[in-house]
Amino acid sequence: MNEAETIQQLIQYNAADGNVAIAVNLANDTVWLSLNDLVQLFERDKSVISRHISTIYKEGELVRDATVAKYATVQKEGGREISRDIEYFNLDVIISVGYRVKSKRGTNFRIWASSVLKKQLIENAKKSSGSIDYEEKYLHLIKTITIATNTALLDDLTTSESKGILKILQEYAYALETLDKYDHQQLTIALPTETVVETEKLTYENAIQQIRIWRDFQKAGNLFGNEKDQSFKSSLETIYQTFDGIDLYPTIEEKAANLLYFIVKNHSFSDGNKRIAAGLFVYFLDMNNKLLNNYGNKRINDNALVAITIMIAESKSEEKDIMAKLVVNLINSNN
C-alpha cells in the first residue's frame, strides 16, 4: 500500500430522503468513501459491506491497487483529534457494492457522483487552456461526456453495460483533461498516413447471410433480422458513397463507425437492431483486418461495444457527428 495521501477536497452528499449526509473525498478524477461511509450510505452492517468488497476483489471484478487508497483522516477519540490512515474506495467499488446490496440509494449516489465528476472535468478542461482555438474541441468533449453520463443512468442497464460506459468515460474522457493528452486524442478524425486498402466490401447479400447465420445460431426467432423496409440496404450503400470521386467516409474506421450508427438508428428490422448493428460492425472490422490491434487484442472490448451501441441508441439525431467521432477514436490507432 502506498503512503497515505492528504484529503484535499471534500464535497457534501445529502441523500434524497434526508437520512444520510456524507463528506465525500474528491480526488484523482473520482470520488472516494471509507468503509464507514459505505456502511452509512447503504445502511448495512460493516461485516456485510466488508464481505462484498472482499468478494469483488476475490472474483477479480476490480483490481485492489487501482481502486483503494489511503488518506490521512482526522478522527475524534476521547475528546482528542487524532490523524489516522484510513482506506478509501473509489466509485468503481461503490457502484459494485451498490449492485450487490441492491440499494436505491446506491443508484442515487451514482447519479450524483457522475454529475460532480462531469462538472470537475469541464472545469479542469477550461482551466487547462485560455485559448479560444480549443473552444470547439471542448464543446465536443463535453457533449460526449453528457451523452455517456445520461446513458449510464438508465435503470435497465446490466452491470457489464454500465461498466462499459464507465470505462469509456474513464479511458476516453478523463484521458483528455490536459491539453497535452487532448492534442493526442482530440475529437477529430485523423486520416492515416499510410495508404488504406479495403480488403473486402461488405455487400448486402453477405450481410444478410451473416444475419441469418446469427439468427439460426442464437435461435432468435423469425422476427430477428426481418427487414421492415429498404433502410438496411440504404445504410450499407451510404458508407460507400462518394462525391466527385472521393469517399465521404474515406477510412475503414469511419465506414465502420457510421455503419454501426446507421443500423442502430434506422430500426430497419423487426427485432435485433442493436445486436445486428454491433455484430456487423465487428464483422466489417474483422474482414478488413481492423478488429485487433498490433498486440492481438480487440480494439474495442465487449463491454465497451455494448456501451457505445446503447449510447448511440439513446443519442439525439443532432449528435450523430459526435457519436461517429467517438467510435472512430475508440478504434483508430492514429487517434
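Note that this is a predicted model, so its numbers are computed, not measured.

Calculation notes
Residues numbered from 1 in each chain as written. Predicted model: local features only at pLDDT ≥ 70, side-chain atom pairs only at ≥ 80, totals over all residues. Heavy atoms only, no water. Helix = DSSP H or I, 4+ residues; strand = E, 2+ residues; numbered from the N terminus. Buried < 20%, exposed > 50% of the residue type's maximum accessible area, 1.4 Å probe, protein only. Contact = heavy atoms within 4.5 Å. Areas by Shrake-Rupley, 256 points an atom, 1.4 Å probe, with all protein chains shown as cover. Pairing = 2+ DSSP bridges. Salt bridge = Lys/Arg side-chain N within 4 Å of Asp/Glu carboxyl O. pLDDT = per-residue confidence, 0-100. Expected span 1.5 Å × (residues − 1). Axes fitted to C-alpha atoms, helices over the stretch in contact; angles between N-to-C directions. Parallel < 35°, antiparallel > 145°, perpendicular 65-115°, else oblique. Left-handed = near helix turned anticlockwise from the far one by under 90°. Nonpolar A, V, L, I, M, F, W, Y, C, P; charged D, E, K, R; others polar. Core = buried A, V, L, I, M, F, W, Y, C linked by side-chain atoms within 4.5 Å. Phe/Tyr/Trp six-rings, centres within 6.5 Å; stacked < 30°, edge-to-face > 60°. Lys NZ or Arg CZ within 6 Å of the ring centre and 35° of its normal.

For the chain, the count of helices and strands is 14 helices and 8 strands. Here the chain, with 335 residues, has 46% of them falling under the buried criterion. For the chain, restricting intrachain contacts to residue pairs at least 6 apart in sequence, the fraction spanning at least 24 positions comes to 67%. In the form shown here, the chain has an accessible surface area of approximately 17700 Å², with 47% of it arising from carbon and sulfur atoms.

Further remarks concern the pairing of strand β2 (residues 10-14). With 5 bridges joining them, β2 and strand β3 (residues 21-27) adopt antiparallel strand pairing. Residue pairing for β3: Q12 is matched across the bridge by A23. Between β2 and β3, which pair antiparallel and follow one another directly, the connecting turn spans 6 residues, one of which, G18, has a positive phi of 80°.

With that out of the way, let us pick up the pattern of salt bridges. Using the criterion set out here, one finds 10 salt bridges in the structure. Two residues, R105 and E43, come together in a salt bridge whose shortest N-O distance is 3.3 Å. Taken together, the residues span a long stretch of sequence, with R105 in helix α5 (residues 104-128) and E43 in the loop between α1 (35-42) and α2 (46-58) at a distance of 62 residues. Residue R105 is classed as buried on the basis of its relative accessible area, which comes to 9%. Residue R100 pairs with E61 through a salt bridge whose shortest N-O separation is 2.8 Å. Residue R100 is found in helix α4 (residues 91-101), and its partner E61 is found in the loop between α2 and α3 (64-67); the two are separated by 39 residues along the sequence. One salt-bridge network, in which partners are shared between bridges, spans E59, E61 and R100.

The subject of this paragraph is the pairing of strand β4 (residues 30-34). Among the 5 residues of β4, 5 are classified as buried, and the element is accordingly described as predominantly covered. Across the two faces of β4 the burial is the same, with T30, W32 and S34 and V31 and L33 all buried. As defined by bridge partners, β3 adjoins β4 across 3 bridges and the pair is classed as antiparallel. If you follow L26 over to β4, its bridge partner there is V31. Taken together, β3 and the strand that follows it, β4, pair antiparallel across an intervening segment of 2 residues, in which N28 is found at a positive phi of about 55°.

For the chain, the average pLDDT comes to 76, and 71% of its residues sit at 70 or higher. Across residues 129-135, confidence stays below pLDDT 50; counting only partners more than four residues off in sequence or on other chains, it has 5 contacts.

Within the secondary structure, V39 sits in helix α1. For V39 and S50, which are 11 residues apart along the polypeptide, the C-alpha to C-alpha distance reads 9.2 Å.

Between its first and last C-alpha atoms α2 spans 18 Å; for 13 residues at 1.5 Å apiece the expected length is 18 Å, and the two agree. Every buried residue belonging to α2 is among V48, I49, H52, I53, I56 and Y57, and all of these are buried. Phi turns positive one or two residues past the end of α2, at G60, with a value near 75°.

This part takes up the packing of helix α11 (residues 252-266) against helix α14 (residues 320-331). Running from N to C, α11 and α14 cross one another at 130°; their axes reach a closest spacing of 9 Å. Classified by the angle their axes make, α11 and α14 are oblique. Considering the relative orientation of α11 and α14, their crossing is right-handed. Along its contact with α11, which presents E253, E254, A256, A257, N258, L260, Y261 and F262, the element α14 presents K320, M323, A324, V327, V328 and I331. Its residues placed into classes, the contact of α11 with α14 shows 10 nonpolar, 1 polar and 3 charged.

It is worth spelling out the nonpolar core at this point. Judged by nonpolar contacts, the single largest core of 42 residues is most densely connected at I211, F232, F281 and I308. If you list the elements that add at least two residues to this core, you get α9 (204-218), α10 (231-238), α11, α12 (273-287), α13 (302-314) and α14. Considering every element that reaches this core, the biggest residue donor is α11, with 9 residues. Beyond its immediate sequence surroundings of up to four residues, I211 is in contact with F224, G225, F232, F269, I276 and L280.

Under the defined criterion, the tally for this structure stands at 8 aromatic pairs. When the centroid spacing of 5.0 Å and the interplanar angle of 80° are considered together, the rings of Y13 and F109 count as edge-to-face. With Y13 in strand β2 and F109 in helix α5, this residue pair connects regions lying 96 residues apart in the sequence. A relative accessible area of 3% means that Y13 is categorised as buried. A ring pair is formed by F109 and W112, whose centres lie 5.4 Å apart and whose planes are at 40°; its orientation type is tilted. Taken as a pair, F109 and W112 lie in helix α5 at a separation of 3 residues, close to a single helical turn. Put simply, the rings of Y13, F109 and W112 touch in pairs and so form one group of aromatic residues. Across from the ring centre of Y240, 4.6 Å away, lies the NZ or CZ of K201, which sits over that ring.

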